[in-house]
Amino acid sequence: MSHDHSHATATTNRNRLLVAFGVTATILVAEVIGALWTGSLSLLTDAGHMLTDTVGLFMALIATQLTLRPPDNRRTWGMRRAEVLAAGFQASVLFIVGVLAIVEGIRRLIEPSEVHGTGLLIFGIVGLAGNLISLAVLSGGRKSNINMRAAFLEVINDALGSVAVIISAIIIATTGWVRADAIAGMIIALLILPRAIIILKESGAILLESTPAGLDLEEVRQHMLELPHVIAVHDLHASEISSGFPTLSAHVVLDDSCFHDNHAPQILDALQACVKEHFPVSIEHTTFQLEPVGHTDHEFHTHD
């Protein structure tokens, strides 16, 4: 049932991403035309952002499709990490676009360029309308995984960018102060950077197999040690295969008697229930190696 549910969710997310990709690609073409016509940095920055989003959404589509592939002997977890790689790539490109936009914004503050305010307003409204459609489509799947969340955050940034474009267009049309466009472009960039960094950190943490956020391994160890007949816990590891798929493994030293009086299977059940039910991060996929007291001396490498 869990696999079927995961497959259905991935299929639904793929359809959401497909719609958002179509809308975003359309807005991208419109904004490139608009930027060339109006000479606007804010619209050009937003178009650059839309380009990365279009590529990012395409990659997210591919990643979502790859996660539907079943595991095999070569890839025992399937292609679950494809979504993490896609999210990390999107965030990296967004960060670069944000930095370049700030640099160009500073240049245009010093040397203002002519901007067509009315045309800028039209394309800003078109962009905002498209972004709102994409947000409505993606909102239902934004909590599914880091890939969907990255896509949703990108579209939020696009929508905020369109708002900045519209405001700058109104200022330029009513006052003629063209530096408003450069400021709007820099604001869009500043909206991009923090979210890009967040996604980079989260995808990097998964790829580096860091302990899932919200899980205290020392607390897990202490709780396991409180179980009857558990003497020690070592080689305790926890990581995520992909967002929302935590795993845990540990070597658990038991009283020698447990391997003769049928206690070991009961303790294994208790250990699995412990990490599934007692902590903020529920871990269903676990691997426990149950050992007698003297076994540690025979292991090649152990650590706490």
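Calculation notes
Residues numbered from 1 in each chain as written. Predicted model: local features only at pLDDT ≥ 70, side-chain atom pairs only at ≥ 80, totals over all residues. Heavy atoms only, no water. Helix = DSSP H or I, 4+ residues; strand = E, 2+ residues; numbered from the N terminus. Buried < 20%, exposed > 50% of the residue type's maximum accessible area, 1.4 Å probe, protein only. Contact = heavy atoms within 4.5 Å. Pairing = 2+ DSSP bridges. Axes fitted to C-alpha atoms, helices over the stretch in contact; angles between N-to-C directions. Disulfide = S-S within 2.5 Å. Phe/Tyr/Trp six-rings, centres within 6.5 Å; stacked < 30°, edge-to-face > 60°. Patch = residues over 30% accessible without salt bridge, like charges linked within 9 Å, V, L, I, M, F, W, Y side chains within 5 Å. Areas by Shrake-Rupley, 256 points an atom, 1.4 Å probe, with all protein chains shown as cover. Salt bridge = Lys/Arg side-chain N within 4 Å of Asp/Glu carboxyl O. Core = buried A, V, L, I, M, F, W, Y, C linked by side-chain atoms within 4.5 Å. Expected span 1.5 Å × (residues − 1). Arc of directions from axis to C-beta.

**Comments concerning the environment of isoleucine 283**
Then, number 1: Counting through the fold element by element, isoleucine 283 comes out in the loop between α8 (263-277) and β3 (285-291).
Then, number 2: Residue class for isoleucine 283 comes out buried when judged on its relative accessible area of 2%.
Then, number 3: Residues in contact with isoleucine 283, not counting those within four places in the same chain, are Leu215, Pro246, Thr247, Leu248, Val275 and Lys276.

**Considerations on the sheet that holds strand β1 (residues 230-242)**
Then, number 1: The mixed open sheet is built from three strands, whose spatial order is β1-β2-β3. Taken across any chain shown, the strands that pair with only one partner, and hence form the sheet edges, are β1 and β3. Neighbour to neighbour, the strand axes of the sheet diverge by 10 degrees on average, direction disregarded.
Then, number 2: Where strand β2 (residues 245-254) meets β3, seven bridges bridge the pair, whose relative direction is parallel. In the sheet register, valine 252 faces β3, and the bridge partner there is leucine 290.
Then, number 3: Packed on one face of the sheet, helix α7 (residues 217-225) meets β1, β2 and β3 and runs near 140 degrees to β1.

**As for the state of the cysteines**
Then, number 1: Going through the model one piece at a time under the given rule, you end up with zero disulfides.
Then, number 2: Cysteine cysteine 258 remains unbridged, with the sulfur of cysteine 274 as its closest cysteine sulfur at 16 Å.
Then, number 3: A relative accessible area of 1% places cysteine 258 in the buried class.
Then, number 4: Note on cysteine 274: relative accessible area 1%, which makes it buried.

**Here's the deal with the environment of alanine 86**
Then, number 1: Summarising the element assignment, alanine 86 is placed in helix α3 (residues 82-110).
Then, number 2: For the pair alanine 86 and valine 252, spaced 166 residues apart in the sequence, the C-alpha separation amounts to 36 Å.

**Quick look at the packing of aromatic side chains**
Then, number 1: Taken as a whole and assessed by the stated rule, the structure comprises one aromatic pair.
Then, number 2: With 6.0 Å between their ring centres and 75 degrees between their planes, tryptophan 37 and phenylalanine 123 make a pair best called edge-to-face. Remark: phenylalanine 123 occurs in helix α4 (residues 117-138) and tryptophan 37 occurs in helix α1 (residues 2-38); sequence separation between them is 86 residues.
Then, number 3: The partly exposed category is assigned to tryptophan 37, whose relative accessible area is 48%.

**A word on a nonpolar patch on the surface**
Then, number 1: A cluster of nonpolar side chains, contributed by Phe95, Ile96, Val99, Leu100, Val103 and Ile197, occupies part of the molecular surface with about 520 Å² of accessible area.
Then, number 2: Relative to the helices and strands, isoleucine 96 resides in helix α3.

**Description of the nonpolar core**
Then, number 1: Judged by nonpolar contacts, the single largest core of 23 residues is most densely connected at Leu215, Met224, Leu248, Val252 and Phe288.
Then, number 2: Broken down by secondary-structure element, the contributors of at least two residues to this core are α7, β1, β2 and α8.
Then, number 3: At five residues, α8 tops the list of elements feeding residues into this core.
Then, number 4: Setting aside residues no more than four positions away along its own chain, phenylalanine 288 makes contact with Met224, Leu248, Ala250, Val252, Leu268, Leu271, Gln272 and Val275.
Then, number 5: Grouped together as the second largest cluster of nonpolar side chains are 17 residues, Leu120, Ile172, Ala184 and Ile188 included.

**Comments concerning α8**
Then, number 1: For α8, built from 15 residues, the straight-helix expectation of 21 Å at 1.5 Å per residue is met to within 8% by its first-to-last C-alpha distance of 21 Å.
Then, number 2: Those residues of α8 lying buried are Ala264, Ile267, Leu271, Cys274 and Val275. Seen end-on, α8 carries its buried residues on one side only, within an arc spanning 80 degrees.
Then, number 3: Of the surrounding elements, those touching the buried residues of α8 are α7, β1, β2 and β3.

**Side note on unusual backbone geometry**
Then, number 1: Residue histidine 229 is not a glycine yet carries a positive backbone phi of 75 degrees.
Then, number 2: Looking at the secondary structure, you find histidine 229 in the loop between α7 and β1.
Then, number 3: Although it is not a glycine, aspartate 235 adopts a positive phi angle of roughly 50 degrees.
Then, number 4: Topologically, aspartate 235 is positioned in strand β1.
Then, number 5: Of the residues examined, aspartate 235 reaches a relative accessible area of 9% and is grouped as buried.

**Things to note about the environment of alanine 159**
Then, number 1: With respect to the secondary-structure elements, alanine 159 resides in helix α5 (residues 146-175).
Then, number 2: The sequence separation of alanine 159 and glutamine 266 amounts to 107 residues, and the corresponding C-alpha distance is 54 Å.
Then, number 3: In this structure alanine 159 touches Leu128, Asn131 and Leu135, once residues within four positions along its chain are discounted.

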